[in-house]
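# Observations on the three-dimensional arrangement
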Amino acid sequence: QVQLVQSGGGSVQAGGSLRLSCAASGYTYSRKCMGWFRQAPGKEREAVATIAISGGPTNYAAYANSVAGRFTISHDNAKNTVYLQMNTLKPEDTAMYYCAADRLVGYCGLEADFGYWGQGTQVTVSS
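Residues numbered from 1 in each chain as written. Predicted model: local features only at pLDDT ≥ 70, side-chain atom pairs only at ≥ 80, totals over all residues. Heavy atoms only, no water.

## Section: empty space enclosed by the protein
Under the definition given, this model contains 1 cavity of 30 Å³ or more. Size it by volume and the largest cavity reaches roughly 50 Å³. Lining the largest cavity, in full, are Val2, Leu4, Ala24, Tyr27, Thr28, Tyr29, Lys32, Met34, Asn80 and Ala101. Grouping the amino acids of the lining of the largest cavity by side-chain chemistry returns 7 nonpolar, 2 polar and 1 charged. (1 Å grid on protein atoms, 1.4 Å probe; cavity = no way out; pocket = protein on both sides within 12 Å on 5 of 7 lines; lining within 4 Å. Points joined across faces, edges and corners; volume = space filled by probe spheres on them. Nonpolar A, V, L, I, M, F, W, Y, C, P; charged D, E, K, R; others polar.)

Below is the structure:
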């Protein structure tokens, strides 16, 4: 079974940056859909970004409007790791962040379904 192990996160002041990592092990897929989600206490889970990894030269990404232009999702094939670079952080970005992965079959966007999930990591942004 696929395991997703997250690292990164922490506490920063507004305007700061953080980089989250999610390393996949167990199984590796040549084609996969991976994403980042977040959930604040009392709030619904929100898709932050997804990336479709086809094995070709271009990995297509999608971003929630709330993070577009500030966050960047990327993937390192050699390390089988997906990253979320978060810049210009705002207090409303405070949440538990989860990475997710699945085989790339068809749709890979903000409403995609994922079968494998990381353990979560806390991101706290102070004003």
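## Remarks on the state of the cysteines
Scanning all chains against the criterion turns up 2 disulfides. The disulfide that involves Cys22 links it to Cys99, with 2.0 Å between the sulfurs. Here the disulfide of Cys22 and Cys99 is right-handed, its torsion about the S-S bond being about 55°. Here the residue Cys22 occupies a position in strand β3 (residues 18-25), and Cys99 occupies one in strand β9 (residues 95-103), the gap between them amounting to 77 residues. Neither Cys22 nor Cys99 differs from the other in exposure class; each is buried. Disulfide pairing is shown between Cys33 and Cys108; the S-S distance is 2.0 Å. The S-S bond linking Cys33 to Cys108 shows a torsion near 85°; that makes this disulfide right-handed. Residue Cys33 is located in strand β4 (residues 32-39), and its partner Cys108 is located in the loop between β9 and β10 (116-117); the two are separated by 75 residues in the primary sequence. For Cys33, a relative accessible area of 2% corresponds to the buried category. (Disulfide = S-S within 2.5 Å. Helix = DSSP H or I, 4+ residues; strand = E, 2+ residues; numbered from the N terminus. Buried < 20%, exposed > 50% of the residue type's maximum accessible area, 1.4 Å probe, protein only.)

## With respect to the environment of Ser66
Inspection of the secondary structure assignment puts Ser66 in the loop between β6 (60-63) and β7 (71-76). Judged by its relative accessible area of 35%, Ser66 is partly exposed. Each C-alpha atom, one on Ser66 and one on Cys108, is 19 Å from the other, the two residues being 42 residues apart in sequence. Here Glu46 takes part through its side chain, which lies 3.2 Å from a polar atom of the side chain of Ser66. (Polar contact = N/O pair within 3.5 Å; in protein donor to acceptor, adjacent residues only side chain to side chain.)

## Some thoughts on the pattern of salt bridges
Taken as a whole and judged by the stated rule, the model has 3 salt bridges. One salt bridge in this structure joins Arg38 and Asp93, with 2.9 Å as the shortest N-O distance. Here Arg38 is found in strand β4, whereas its partner Asp93 is found in the loop between β8 (81-86) and β9, with 55 residues between them in sequence. Residue classification places Arg38 among the buried residues on the basis of a relative accessible area of 7%. With a relative accessible area of 0%, Asp93 lands in the buried category. (Salt bridge = Lys/Arg side-chain N within 4 Å of Asp/Glu carboxyl O.)

## Remarks on the sheet that holds β8
One key point about sheets: their strands pair by backbone hydrogen bonds, in either a parallel or an antiparallel sense. The antiparallel open sheet is built from 4 strands, whose spatial order is β1-β3-β8-β7. The outermost strands of the open sheet, each flanked by one partner alone, are β1 (3-7) and β7. Across the sheet, the mean angle from the axis of one strand to that of its neighbour is 20°, orientation sign disregarded. Across 6 bridges, β3 lies against β8 in antiparallel orientation. Paired with Leu20 across the two strands is Leu84, which belongs to β8. (Pairing = 2+ DSSP bridges. Axes fitted to C-alpha atoms, helices over the stretch in contact; angles between N-to-C directions.)

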